[in-house]
Amino acid sequence: MKKAFVPLLLLTAAMFAYAPVIIAHADYESTMGLVQKVMYFHAPSGMVMLISAVVCGVASAMYLWRKNPSADRVAIAAAELTALFGLIVLVTGPLWARKAWGVWWVWEARLTMSFVGWLIAVGYLFVRKYGGPGSDKLGAALAVFGTANVPFIYVSVNIWRTMHPMTTVVPTLQAGMRGAFWFSALTLFMLYGLLLTARIHLERQRAALDELYLAEEN
Amino acid sequence: MFLRTALLVLRKDFAIEVKSREILYTTLLFALSCVLVFSIAFVREGEPLEDAAAGILWIAIEFAGTLALGRTFERERYGETLRALLLAPASRAAIYIGKMLGIVLLLAVCEVVLVPLVALLFRAELFRAPLLLVVLLLAGTIGFAVVGSLFAAMLVRARTRDVMLPILLYPMTVPLMIAGVRGTVALTHTPTDAASAVMWISLLTSMDVVFLVLALWTFEAVMTE
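Note that the structure is a prediction, hence the values are computed from the model and not measured. (Residues numbered from 1 in each chain as written. Chains lettered and ligands numbered in written order. Predicted model: local features only at pLDDT ≥ 70, side-chain atom pairs only at ≥ 80, totals over all residues. Heavy atoms only, no water.)

### Some remarks on the overall build of chain B
Here is the rule we go by: Secondary structure follows DSSP: runs of H or I at least 4 residues long count as helices, runs of E at least 2 residues long count as strands, and numbering of each begins at the N terminus. A radius of gyration in this sense is built from C-alpha atoms; the matching globule rule multiplies 2.2 Å by the number of residues raised to 0.38. Working definition: with a 1.4 Å probe on protein chains only, accessible area under 20% of the residue-type maximum means buried, over 50% means exposed, and in between means partly exposed. Contacts: residue pairs with any heavy atoms within 4.5 Å of one another. Every accessible area reported is derived by Shrake-Rupley at a probe size of 1.4 Å, with residue values counting cover from the shown protein chains alone. For the charge count, each Lys or Arg is scored as positive and each Asp or Glu as negative, with His and the chain ends excluded. Charged groups are reduced to one reference atom each: NZ for lysine, CZ for arginine, CG for aspartic acid, CD for glutamic acid.
Broken down by element type, chain B carries 9 helices and 2 strands. Listed N to C, the secondary structure of chain B is α-α-β-β-α-α-α-α-α-α-α in terms of helices and strands. What you see for chain B is a C-alpha radius of gyration of 18 Å, in line with the 17 Å of a compact globule of 225 residues. Dimensions of chain B, computed from C-alpha atoms along their principal axes, come out at roughly 55 × 30 × 30 Å. Of all 225 residues assigned to chain B, the portion counted as buried reaches 53%. In chain B, of all internal contacts separated by at least 6 residues, the share reaching a separation of at least 24 is 81%. Accessible surface, chain B: about 10,400 Å² in total, of which carbon and sulfur atoms supply 70%. Side-chain charges in chain B split into 18 positive and 18 negative, and the spacing between the mean points of these groups amounts to 9 Å.

Structure, rendered in structure tokens:
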């Protein structure tokens, strides 16, 4: 991964630079027009947020029961990225909703769920930052609970009427939009992978530095 | 042995509480203040808004429960007794269960006062299906206590525990609150929507089971120093 990092970074940067072109050339949605193009970053960010939350939950479980310190580094990196991509979803969503539905926010299933998920991720980061000694285990337990909670939040909020398009909309996208959508999605997935790798690396360096300090003191 | 340890922890907490009644009284008064505050927002021209009572009831339980959780573990921390409890040659899971049952019991007592009061003040027909209401309240309260006791126990050593507990607990209990409120609303409608209420109760029960298993599993791992 170390050798591939810089080329992949350059490739992702190039893809980001090209993304506006391909998005501009994609077909216009018939009723929403230009504003629908928010989708190309909004929906993939939502996907990344969900993937990242699952990564964080699994890594936390591994840390909690196997006491594997590298799993903890993955967990904190994934939690930060869940919060980051969640923020992108929560900012781009209302921008789109204002034009498409006429309101900034509605309290329906998917929106409520993203908001709650984002709050849990931010709560995790707060625990890690302000929790004091033992906050790593506390955070891990929180992440495990948060991940186990996702299906319940999904079921309970989904029983209310859903206004947001279902996930089934993605495979049924028109041919003129599909290419741009998956291009944007791939770009964001690569960005996620790179950020995660960089963040885990930083955490590993930090742990190594702490060890050196301890050795020096002894 | 497991059950006996749990009941011993429960009896210990119960005995302390019976002597001082500090947590019960403060929690109850706090719940009443919550109801008062909500009455400002959810009453228009003397008439309570439709379905407001269910939400007020559950939010009052959640807020008061958070306060009770904080106080219960603060008491252990103050006396440095939590360490003693954990050092005791007893199963950690049993200690957790005892603590959790104490919270359930305390909140149940609060609910006995709170439910008729909310029904009275907000003119809600809460007692149309009393048995279903009791089951719903019990399932919701157990779920809340299961997650709450675990988080409060974990946060005992954290400096920022007072603010961290609600920050962590509220998003985590969102599905419990939705199920509780929606179930209560279903019970107060005319005619009573028993089918929906049963659906929410079964959702709550499955959450209780999953959360309890996870909590028993994590408590041991989290409370080791």
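Back to the write-up after that little detour.
### Here we look at the overall build of chain A
Helix and strand content of chain A: 6 helices and 0 strands. Going residue by residue from the N terminus, the α and β elements of chain A occur as α-α-α-α-α-α. Taking the principal axes of its C-alpha atoms as reference, chain A extends roughly 70 × 45 × 25 Å. Looking at chain A residue by residue over its 218 residues, the buried ones come to 44%. Contacts in chain A between residues far apart in sequence, at least 24 positions, make up 75% of those at least 6 positions apart. When the 17 basic and 11 acidic side-chain charges of chain A are each reduced to a single mean position, those positions are 8 Å apart.

### Some points on the nonpolar core
What counts is decided by this rule: What makes a nonpolar core is a set of buried Ala, Val, Leu, Ile, Met, Phe, Trp, Tyr and Cys residues whose side-chain atoms join them at distances within 4.5 Å.
Counting 116 residues, the largest nonpolar core has F145 of chain A together with Y96, L150, F151, M207 and F211 of chain B as its most contacted members. With 14 residues, helix α6 (residues 130–155) of chain B is the single largest residue contributor to this core. In contact with Y96 of chain B, not counting residues within four places along its chain, are A145, V146, V147, S149, L150, L212, A215, L216 and F219 of chain B. Residues A26, M39, W96 and A180 of chain A belong to the second largest nonpolar core, which totals 14 residues.

### What about the interface of chain A and chain B?
Put simply, the rule reads: As used here, buried area is the combined drop in accessible area, with a 1.4 Å probe, of two parts when they are placed together. We define a salt bridge as a contact between a side-chain nitrogen of Lys or Arg and a carboxyl oxygen of Asp or Glu at a distance within 4 Å. Note on residue classes: Ala, Val, Leu, Ile, Met, Phe, Trp, Tyr, Cys and Pro are nonpolar, Asp, Glu, Lys and Arg are charged, and everything else, Gly too, is polar.
Taken together, the contacts link 26 residues of chain A with 31 residues of chain B. When chain A packs against chain B, the two sides together hide about 2,600 Å² of surface, and 83% of this comes from carbon and sulfur. Between the two partners, chain A and chain B, sit 0 salt bridges. Elements with a contribution of two residues or more to the side of chain A that touches chain B: α2 (39–66), α4 (109–130) and α5 (135–158) of chain A. Take the side of chain A that touches chain B: its biggest share by element is 14 residues, from α5 of chain A. Taken together, the residues of the side of chain A that touches chain B break down into 20 nonpolar, 5 polar and 1 charged.

### Quick look at the side chain of S184 of chain A
This is how it is decided: Any pair of N or O atoms that falls within 3.5 Å is considered a polar contact. Within protein, one atom must be able to donate a hydrogen and the other to accept it, and sequence-neighbouring residues count only if both atoms are side-chain atoms.
Tracing the sequence through the fold places S184 of chain A in helix α6 (residues 175–217). One polar contact links the side chain of S184 of chain A to the main-chain carbonyl oxygen of A180 of chain A, over a distance of 2.8 Å.

### Regarding the environment of S39 of chain B
All names here are of chain B. For S39, the position within the fold is in helix α2 (residues 22–42). With a relative accessible area of 25%, S39 lands in the partly exposed category. C-alpha of S39 to C-alpha of T224: the two residues are 185 residues apart in sequence and 44 Å apart in space.

None of the figures reported here should be taken as evidence of function without further support.
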